[in-house]
Each structure stands twice: as C-alpha cells, then as structure tokens.
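So the chains spell out like this:
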Amino acid sequence: MDDHITPRRVVILGGGFAGLFAVRALRNAPVAVTVVDRCAHHLFQPLLYQCASGILSSGQIAQPLRAVLRRHGNVRCLLATATDVDVTERIVRAERPDGGKLALPYDDLIVGVGVKQSYFGHDEFAQHAPGMKTLEDALGVRRKLYRAFEMAEAAEDPQERAAWLTFALVGAGPTGVELAGQIREIASHTLDREFTSIDPSQARVLLFDGADAVLAAFGPVLARRAARTLHSLGVEIRLGSIATGVDERGLTVRRHDGSTERFEARTVLWTAGVEAPPLATALARATGAEQDRAGRIMVEPDLTIAGHPEIRVVGDLMSLNKLPGLAEVAMQSGAYAGRRIRHAVEGRTRRPRPFRYLDLGSAAYISRGRAVVKMGRFHASGVPGWLIWLFIHIVFLTGFRSRLGALISWAVVFASGSRRERAFTSPRSQTAEADAASLSGPPADPTVTRHDPPRPA
C-alpha cells in the first residue's frame, strides 16, 4: 500500500478514554480513522455512580462522539459492535444495531473496547443484581434506588418494608464504596422529611467483599480511613463474605469459616469484578494471543500483540505489568498507540520506546467533603482528598458545558444535600400489558379480511 496515494487506514474499536486519546494523537495525521463503538457517546465512566445516585445528569457524563470529534476531519464514526477480526485479510467484522453486517479493512487496528461486569461464573445473578458499566446500567440503578423508597412507603407489612429499605452491594472497591456512601447520603439528607410512613434515614446499606479491607488497592492506611468514614455514615461493612446466591428478595453469603447467612434486601447491586468481552476471545483466537484470568489480552511492551505489530490493545482490555483498570491507564495507553502510528506514517524510523505508565494516583469519593486519594507515597483523605478529587474530575470531564454543569451540581449537593437528577421511569409490568391487551380486545386474525362499515356522510 502506498501511503502517499491512499491514506493509511486506522480502525479504532471503542470510543472510551483509550479510543478518544488515540484519535486525538492522530489529529491532522495523514491517516483515515474509523471509530467503531456500540454507543454513540463518550462516557466518563468514573462518574457513573453519581448519575445513578442523582447528582449528575446523563448529559453531564456522556457526550456525543460526533460532537467530541467534530474538529477531527480525518475521523469517521460508526455505530456498531465489533464481533471478530480477520487478521489475514486485515478486516474487522462488526454488526450494526439493526443486524446489518460491516466489514472494515484496516492497516492499523487499535482495540480499546474495555471490559464488562463479571459475576464470576454466576451470570444468573445479573437479573437481580445489576452492575454499573454503561449509561443504561446507571439509569437502571437510579430507578432501583429511588423506587425502593417508594415501595417501602406503600408497604404495609413491616418485614416487607424493612426489605425494601435494605440495600446490599457486592464488592468493596471504588465503585462499591462510592455508591454505598451515596445511598447513605440519599437516605439521611436528600430524602429527609419527604415521606410520611417511613424514615429514610433508617435504611440499611450493607457492603460485602471477600477481601479483608475496603479499597484494598489503596493500601492499609487509606483503607482504614475509608472504613472509618463509611462506619460514620452508617454503612455496615461485611468483609470476608462471598455472595453465593442472589434472587429478587436478597442474597446469601458465605464467610471464610464456611458458614452462610441470608440477608433480605430488595435492592442488590453488583460492584465486584470485571471480565473481557467476547471480542477479546475472538481476537485471541485469531492472533494466538494469550489471555489473563479475566480474559484480557496480554500485549508486548509496545502494546502490540506478539506477531501482529499492526494490532495494538489499549485501556482496560490490555494485560501488561499488572496495570490497573483506571481511566488514566486508558488515556495514556491510547495516546501512546496513536503516537506510534503517527510516527510510523511520518517516517520516523527510530525504534519506539516501550509504553511506560505514569501513575498519577487513584481517588475515591465517599461522601460530601470526604474522599481518599493516593498519589505514589502521597495520601490524602477528608476535605483535602475531596478537593483533589474535585480538581481531577473537573480536568478530565469532556467539554466546557459538562465541567460547568458538574461543578454547579456538586456545589448544590455539597451545600444542601439536594439532588436534581432523581427522575426515573418504571418498566411497564406484565400485568399492565395484559390489562392493555384485554381492553383492546383479542388479536386480529390475519386470515380474515376486515370490512369496516361505511362512515356516515
């Protein structure tokens, strides 16, 4: 292929942080970029829990990909899901939402489709314990949270009411800790004096994890501080507990000593574990790449797949040096992959340096004015940690409008506890559908010709 005649074709799978930063690195480069994503928006995933808890709107954490990339003249966006890769013909197979098939030829391929929620072999739990990886997940969790209080208000049986006012979260990583803190704030402050039959502040929030500490990745010092903060909010931490059963009325956990316990909770949320999507298995099969325990693709130091220098895996889907699944890792790896392609197109023959991740730290928001931050040897918690958390997230939110809107929303919540994004819709019940069907009469027989009576003049 002559790059001076035909632009080099770069296909980027995923419009998350990794894909977006790869595109930015290729801006104005002599390449034709195609971005493929199953959503039409770029999602600021670290703030999904704030959308779920009613602090931020979906528009504040999600921006249309076309709007974000409108100044990139060499970029084409496609709404589709990548399903397979033909490494011999260098073609990506994808499927559109309507079922139509796409075949996208590439000279360079960047795979940054991210990961999905893992139920550790118990996918049946997903029906009753939703995770939170997409915008739809966050809006579904919001519906479950606020609907639970409404159901408790209408319940006449004390045990049923208590079950509706019990919230169980499985997984005490950043998402579980952040969401647990938000539920307690909703119960204690947001819904204060809004109900007549129940006291929302009496809601129980149970946080389960098989490990021996919350936020274990933050180290023992910050883990202890986070646990103290959660205890002060009223969160009940149950460590050394593994969920073995989940249904519509609660969950069963097994402790390290082998004993089990049942908890009645009408709202169970899954915030533990991730795994690679089906595309990772297809890519590994096509390239011979190895996968780690979570199914992520193991890559070379330059983020390519061994034997396939034209394919780079970035973000949460790559497995390299035990790097964590953080937004900052995705940003840096995506930018690195984009630069490597740009340098190759521009004829820079110097051997590329291997990818090196610059650890800018981790942060977790627990409640108003309280967060924990780890940046190398620097640790912060409480109000200083919250201010650092605030600065980090304002910087990385996409778009001025999103930053300003988020800042205003945070100010309102911090000052008053009020949340403006509490609207939710209830899925139509089967009973309602049956009632609607009965009112409309029996279904028409397609074999019978209908003759309507003439309308009066």
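Colleague: I keep staring at the sheet that holds strand β11 (residues 166–170) and nothing clicks. Help me out?
Modeller: Hydrogen bonds between backbone groups are what pair the strands of a sheet, and the pairing can be parallel or antiparallel. Strand order in the open sheet formed by 4 strands is β13-β12-β11-β17, and the pairing between neighbours is parallel. In the strand order of this sheet, the two ends are held by β13 (235–239) and β17 (267–270), each with one partner. Each neighbouring strand pair of the sheet contributes to a mean axis angle of 20°, computed without reference to strand direction. Strand direction decides the pairing type here: β11 and β17, joined by 4 bridges, are parallel. Bridge assignment links Phe 167 to a residue of β17, and that residue is Thr 267.

Colleague: Which parts of the structure should I look at to understand the pairing of strand β21 (residues 308–313)?
Modeller: Side-chain positions along a regular strand alternate between the two faces of the sheet. Counting buried residues along β21, 5 of its 6 residues qualify, which places the element largely inside the surrounding structure. Alignment of strand β9 (residues 108–111) against β21, held across 3 bridges, turns out to be parallel. Along β21, the bridge assignment pairs Leu 109 with Ile 311. Bridge count between strand β20 (residues 304–305) and β21: 2 bridges; the pairing is antiparallel. Across the sheet, Ile 305 pairs through a bridge with His 308, a residue of β21. The hairpin formed by β20 and β21 contains 2 residues between the paired strands, and Gly 307 there has a positive phi angle of roughly 85°.

Colleague: It is not clear to me how the packing of aromatic side chains should be interpreted in this structure. Could you clarify?
Modeller: Any aromatic ring pair is given by two values, namely how distant the centres are and how the planes are angled relative to each other. For the coordinates displayed, the defined rule picks out 11 aromatic pairs. Look at Phe 17 and Phe 44: their rings are 5.4 Å apart centre to centre, the planes differ by 80°, and that puts the pair in the edge-to-face class. Placement of Phe 17 in helix α1 (residues 17–25) and of Phe 44 in the loop between β3 (41–43) and α2 (48–52) is noted, with a sequence separation of 27 residues between them. Across the pair, exposure class does not vary: Phe 17 and Phe 44 are buried alike. Ring centres of Tyr 49 and Tyr 365 lie 6.4 Å apart, and the angle between their planes is 45°; this geometry places the pair in the tilted category. One end of the pair, Tyr 49, is in helix α2; the other, Tyr 365, is in strand β23 (residues 362–367), and 316 residues separate them in sequence.

Colleague: Just checking my understanding: could you explain α1 for this structure?
Modeller: Along an α-helix, a turn takes 3.6 residues, which lines up residues three or four apart on a common side. Counting buried residues along α1, 7 of its 9 residues qualify, which places the element largely inside the surrounding structure. Among all positions in α1, only Phe 17, Ala 18, Gly 19, Leu 20, Ala 22, Val 23 and Ala 25 are buried.

Colleague: Mind showing me how you'd approach the pattern of salt bridges here?
Modeller: A side chain of one charge can pair with a side chain of the opposite charge if their charged atoms are brought near each other. Scanning the entire structure with this criterion turns up 20 salt bridges. In this structure, Asp 292 and Arg 296 form a salt bridge, with 2.9 Å as the shortest nitrogen-oxygen distance. Residue class for Arg 296 comes out buried when judged on its relative accessible area of 18%. The residue Glu 346 makes a salt bridge to Arg 348 at a minimum N-O spacing of 3.0 Å. Residue Glu 346 is classed as partly exposed on the basis of its relative accessible area of 36%. Salt bridges sharing common partners tie together Arg 8, Asp 108 and Arg 312.

Colleague: Is there a simple way to think about the sheet that holds strand β6 (residues 81–86) in this case?
Modeller: The antiparallel open sheet is built from 3 strands, whose spatial order is β6-β7-β8. Edge positions in the sheet fall to β6 and β8 (101–105), since each has one partner strand and no second. On average, each strand axis in the sheet is inclined to that of its neighbour by 25°, with strand direction left out of account. Note: strand β7 (residues 91–95) against β8, 5 bridges, orientation antiparallel. Paired with Glu 95 across the strands is Lys 101, a residue of β8.

Colleague: Before we go on, may I ask you to explain the state of the cysteines in this structure?
Modeller: Here a disulfide denotes one covalent bond, and it connects the sulfur atoms of two cysteines. Following the criterion strictly, the structure yields 0 disulfides and no others. For the unlinked cysteine Cys 39, the closest cysteine sulfur is that of Cys 77, found at 13 Å. A relative accessible area of 11% places Cys 77 in the buried class.

Colleague: Help me understand the side chain of Asp 316 in this model?
Modeller: Relative to the elements of secondary structure, Asp 316 occurs in the loop between β21 and β22 (318–319). With no salt bridge to any partner, buried Asp 316 finds its closest opposite charge in Lys 133, at an N-O distance of 5.0 Å. With sequence-adjacent residues up to four places away left out, Asp 316 is seen in contact with Gly 114, Val 115, Arg 296, Gly 325 and Leu 326.

Colleague: Would you explain the environment of Ala 180 in this entry?
Modeller: If you trace the backbone, Ala 180 turns up in helix α7 (residues 174–190). Apart from the residues within four sequence positions on either side, Ala 180 is in contact with Leu 169, Val 205 and Val 235.

Colleague: How should I be thinking about unusual backbone geometry in this particular structure?
Modeller: Residues apart from glycine generally show negative phi values, whereas peptide bonds are mostly found in trans. In this model, Arg 193 sits at a positive phi of 65°, which is unusual for a non-glycine residue. Mapped onto the fold, Arg 193 is located in the loop between α7 and β12 (204–209). Here Leu 303, not a glycine, exhibits a phi torsion of approximately 70°, which is positive. Tracing the chain through its elements places Leu 303 in the loop between β19 (297–298) and β20. Of the residues examined, Leu 303 reaches a relative accessible area of 0% and is grouped as buried.

Each value, and the rule that gives it
Residues numbered from 1 in each chain as written. Predicted model: local features only at pLDDT ≥ 70, side-chain atom pairs only at ≥ 80, totals over all residues. Heavy atoms only, no water. Pairing = 2+ DSSP bridges. Helix = DSSP H or I, 4+ residues; strand = E, 2+ residues; numbered from the N terminus. Axes fitted to C-alpha atoms, helices over the stretch in contact; angles between N-to-C directions. Buried < 20%, exposed > 50% of the residue type's maximum accessible area, 1.4 Å probe, protein only. Phe/Tyr/Trp six-rings, centres within 6.5 Å; stacked < 30°, edge-to-face > 60°. Salt bridge = Lys/Arg side-chain N within 4 Å of Asp/Glu carboxyl O. Disulfide = S-S within 2.5 Å. Lys, Arg positive; Asp, Glu negative; His and termini not counted. Contact = heavy atoms within 4.5 Å.

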